[in-house]
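Tertiary structure, described
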Amino acid sequence: MEQIDLRSDTVTQPTKAMLEAMIKAPVGDDVLGDDPSVIRLQKKVAERFGKEAGLFVPSGTMSNQVAIKTHTQPGQEVLCDIGAHIYNFEGGAPAVLSGVQIRPLFSTNGILDPEKIKENLRFDDNVHHAPTALIEVENTHNRGGGTIIPLENIQKIRTIADQYRLSMHLDGARIWNAHVATEIPLNEYARYFESVSVCFSKGLGAPVGSMLLGSISFIEKAKRWRKVFGGGMRQAGYLAAAAEYAFEHHIERLKEDHEHAKYFASELNKLSELSIHMESVQTNIVMIDMDHLSASDLQKRLLAEGLVINPVSPTRLRAVFHLHINDEKTERAISIFQKVLSSIN
Ligand SMILES: Cc1ncc(COP(=O)(O)O)c(C=O)c1O
C-alpha cells in the first residue's frame, strides 16, 4: 500500500495541472530581467501583499538570507525568537553570509514578548554591543507547531521598531496558512514589515520557489545579493508558472490540511501514550509528545506500517498535513498509530 508521508509539507509532487502550466509558460532570461512568467508572478504576488516589488528566489532560506543581507551591516544583530527557522535551520547563514549575530529570545510558540524585545535592544552608543538592526518574526511558526502569531502582537512589536527606527522582516514561509485560518488578508499581515518572505514550495505545493517582497529600492538591492548568493536563475519562468498555479489554486484548500491536522490531533490525543497541546494545533502541523516512549523508536515502528514521520526531539514527533493527505490517508495514519501503540503495550 502507498506510504503516507507526514514529514513535511515540502514533500508534495507537482499536480498534472501544475505541470501543464509549467510546460506552457513563456520564458526569458530572468537574470537579464526579461522572463515574462517571472515578471508576472512577482507583480501579482507583490500586489496581493501590498508591497511595491517582489523577487523570485529558489528557496525560503535564500529569501530570508537575502533579506538579512539587505537589511544589515556586518557586526550588527538580528533579534528573533529562539525557535526561529533563520536561527535553527539555515546553517548559520546570518553569520556566514551577512556577518551578523542572531540574538534569540525565549518565546511562547514563537510569540515574542514585546517588553522582552525592548529590554534586549542594543544601540551603537556602547562599544561592547552589536547594535540591533532587524527584528524577525516567523508566521506561522514552524517549531512552535504551525502556530499563528497574533496580529496584536505584531502591532506591538512594530510600535517598538518604529520607536527605535528598526526594520522588521517576516519569515512568511507559511503565511498562507495563517491567512486562511484567520481570514486576515495577506496585505494586512505584510504591512507591519519592511520585507516579507513567502514560500510556494510548502503548503502551496509548488516544486521550487520563494519570493522576497518589499519596496522597489529594497528589492533592487536584494536583487544584487540574490546574484551574489548564486540565486540568479535563467529560464526561471517554468518554476514561476508552477508557483503561480499554486498561488492561484492552492491557498483556499489549505483549510482542508488544517481540518485533517485537527482531527488527527484530537484522535491521537485519546491515546494514553501520547499528548498533544490541542490549543497549539492551529494550522497544518501537529506536535506529538510522549512521556515514556522514544520518538525515534516509534518512528521506526510507524515506518514499518507505512507511515513516514520525523522526530523533532527525543520525545516529540512532528506531523505535517499537505496536498497529498486526504480524509482516507488521515484515517489510515490514525489507525497506524493505534495499531503500533497497542502492539507496544
Ligand atoms: C518557517 C520556514 N522558513 C524558511 C524555510 C526555508 O525554506 P527552504 O527549505 O525553501 O529553504 C522553512 C523550511 O521549511 C521554514 O519552515
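Rules of the game
- Residues numbered from 1 in each chain as written.
- Predicted model: local features only at pLDDT ≥ 70, side-chain atom pairs only at ≥ 80, totals over all residues.
- Pairing = 2+ DSSP bridges.
- Helix = DSSP H or I, 4+ residues; strand = E, 2+ residues; numbered from the N terminus.
- Contact = placed C-beta atoms within 7 Å.
- Axes fitted to C-alpha atoms, helices over the stretch in contact; angles between N-to-C directions.
- Core = buried A, V, L, I, M, F, W, Y, C linked by C-beta atoms within 7 Å.
- Buried ≥ 20, exposed ≤ 12 C-beta atoms within 10 Å, placed from the backbone.
- Near = placed C-beta within 6 Å.
- Domains from an automatic or database assignment.
- Nonpolar A, V, L, I, M, F, W, Y, C, P; charged D, E, K, R; others polar.
- Parallel < 35°, antiparallel > 145°, perpendicular 65-115°, else oblique.
- Left-handed = near helix turned anticlockwise from the far one by under 90°.

**Here's the deal with the sheet that holds strand S12 (residues 310-313)**
Read across the sheet, four strands follow the order S9-S10-S13-S12 without closing on themselves; strand pairing throughout is antiparallel. Lying at the two open borders of the sheet, with one neighbouring strand each, are strand S9 (274-275) and S12. As defined by bridge partners, S12 adjoins strand S13 (residues 316-320) across three bridges and the pair is classed as antiparallel. Residue pairing for S13: Asn310 is matched across the bridge by Arg318. Sheet strands in contact with helix H12 (residues 254-268) are S9, strand S10 (285-290) and S13, and its direction is about 15° off that of S10.

**Re the nonpolar core**
Residues Ile135, Leu213, Ala240, Ala242, Ala243 and Ala246 are the most contacted members of the largest nonpolar core, which totals 71 residues. If one sorts the elements of this core by residue count, helix H11 (residues 237-249) sits on top with nine residues. Apart from the residues lying within four places of it in its own chain, the contact partners of Ala246 are Met18, Phe200, Leu204, Gly205 and Ala206.

**Structural notes on the site of the ligand**
Around the ligand sit 13 residues, and of these Ser59, Gly60, Thr61, His85 and Ala173 come closest. Ranked by residues supplied to the shell around the ligand, first place goes to helix H3 (residues 60-71) with three residues.

**Things to note about unusual backbone geometry**
With omega at 0°, the peptide bond leading from Asn139 into Thr140 counts as cis. Note that Thr140 resides in the loop between strand S5 (132-138) and helix H7 (151-163). Backbone geometry at Asn109 places phi at a positive 50°, although glycine is not the residue there. Tracing the sequence through the fold places Asn109 in the loop between strand S4 (101-105) and helix H6 (114-120). Phi angles above zero are rare outside glycine, and Glu183 is one such case at about 65°. Take Glu183: it is sitting in the loop between helix H8 (175-182) and helix H9 (186-190). Under the C-beta neighbour-count criterion, Glu183 is labelled exposed, with 8 such atoms within 10 Å.

**What about the domain arrangement of the protein?**
Each domain of the protein was delimited in the assignment, giving domain 1 (16-249) and domain 2 (253-344). The centre of domain 1, based on its C-alpha atoms, is set 29 Å off from the matching centre of domain 2. With 15 residues of domain 1 in contact, the opposing surface of domain 2 contributes 13 residues. Taken together, the residues of the side of domain 1 that touches domain 2 sort by class into five nonpolar, nine polar and one charged.

**Description of the packing of H12 against helix H14 (residues 327-344)**
Relative orientation of the contacting elements H12 and H14 amounts to 20°, with a least axis distance of 10 Å. What the angle tells us is that H12 and H14 run roughly parallel. Seen along the crossing, H12 lies across H14 with a hand that is right-handed. Note on element contacts: H14 touches H12 through Thr330, Ala333, Ile334 and Phe337, opposite His260, Tyr263, Phe264, Glu267 and Leu268.

**What to know about the pairing of strand S2 (residues 53-57)**
The buried fraction of S2 amounts to four of the five residues, a majority that puts the element mostly inside the structure. Judged from the five bridges that link them, S2 and strand S8 (residues 210-214) form a sheet pairing that is antiparallel. Looking at the pairing, Leu55 lines up with Leu212 of S8.

**Quick word on the sheet that holds S8**
As a general point, the strands of a sheet are linked pairwise by backbone hydrogen bonds and lie either parallel or antiparallel. Ordered by their spatial adjacency, seven strands build an open sheet running S2-S8-S7-S6-S5-S3-S4, and the pairing between neighbours is mixed. The two strands at the open ends of the sheet, each matched to only one other strand, are S2 and S4. Direction aside, the axes of adjacent strands within the sheet are offset by 20° on average. As judged from the five bridges shared by strand S3 (residues 77-81) and S4, these two strands associate in the parallel manner.

**Quick notes on the pairing of S13**
Of all the five residues making up S13, four are buried; the element is thus mostly covered by neighbouring parts of the structure. Pairing geometry for S10 and S13, over five bridges, is antiparallel. Paired with Ile288 across the bridge in S13 is Leu317. A loop of two residues connects S12 with S13, the two strands running antiparallel in sequence.

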